[in-house]
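Coordinate analysis (summary)
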Amino acid sequence: MEKEPFKNITSTCVPVSTQNIDTDQIIPARFLKAVTREGFGENLFRDWRYDSQGNPKPDFILNKPTFHGDILVAGKNFGCGSSREHAAWAIVGYGFKVVVSSFFADIFKGNSLNNGLLPVQVTDEFLDKMFDAIHSDPETKVAIDLEKQTIRLEATGDEEQFEINDYKKMCLMNGYDDITYIQSLKDEINSFEENREYQYSV
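The rules we used
- Residues numbered from 1 in each chain as written.
- Predicted model: local features only at pLDDT ≥ 70, side-chain atom pairs only at ≥ 80, totals over all residues.
- Heavy atoms only, no water.
- Helix = DSSP H or I, 4+ residues; strand = E, 2+ residues; numbered from the N terminus.
- Buried < 20%, exposed > 50% of the residue type's maximum accessible area, 1.4 Å probe, protein only.
- Phe/Tyr/Trp six-rings, centres within 6.5 Å; stacked < 30°, edge-to-face > 60°.

1. Side note on unusual backbone geometry
- Positive phi, close to 60 degrees, is recorded for Asn20, a residue that is not glycine.
- If you trace the backbone, Asn20 turns up in the loop between strand S2 (13–16) and helix H1 (23–26).
- Its relative accessible area of 43% is what places Asn20 among the partly exposed residues.
- Non-glycine residue Gln149 carries a positive phi angle of around 60 degrees.
- Position of Gln149 among the secondary structure elements: in the loop between strand S6 (142–145) and strand S7 (150–153).

2. Considerations on the packing of aromatic side chains
- One pass over the structure, following the stated rule, counts eight aromatic pairs.
- Between Phe78 and Phe104, the aromatic rings sit 6.4 Å apart at their centres with planes inclined by 85 degrees, giving edge-to-face as the arrangement. Within this pair, whereas Phe78 is found in the loop between strand S3 (71–74) and helix H3 (86–94), its partner Phe104 is found in the loop between strand S4 (98–101) and helix H4 (106–114), the two being separated by 26 residues in sequence. For the pair formed by Phe78 and Phe104, the shared burial category is buried.
- Taken together, the ring pairs in this structure connect Phe45, Trp48 and Phe60 into an aromatic cluster.

Written as structure tokens, this is what we have:
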């Protein structure tokens, strides 16, 4: 799947401070019948966003126009529960490019990276600073520099490094998935095949 290369992001944030948000809360199981990625964004946090009649709940953060941006800031242990890739689809489909937390479930982190969503893991202390800053001023901006692997609160200058697998970082920065990465090596592969010496046994 071809994706846009990840560029450095400076954006306001949407804070969802609940801890232990599992993948069924991110995208309920009844929406998993679809076989393509389209349409999942409208059902992100479906049971938190809408009542049983399908009306938006005004007190849920995604229904508050005060909070907006490309970055979802979530409570600790985000993406736990089942391994459904649809959770990453829903977050990307809604429009988020980055999700920040102080801990991610490993499978969710892998699914995110495979779908062009950058999971940034920070310390508990830094996450608390982010929530405080965002709630104090919803226009607070956070800067993500993938190349340097830094996240910074623009208002205060507080900054942390984050870790990411080198291969996944390269894929994000170039807009590759595993297949398009291999395709990008076509010239090197062809050159190797043309110049290698074959040995045949009789």
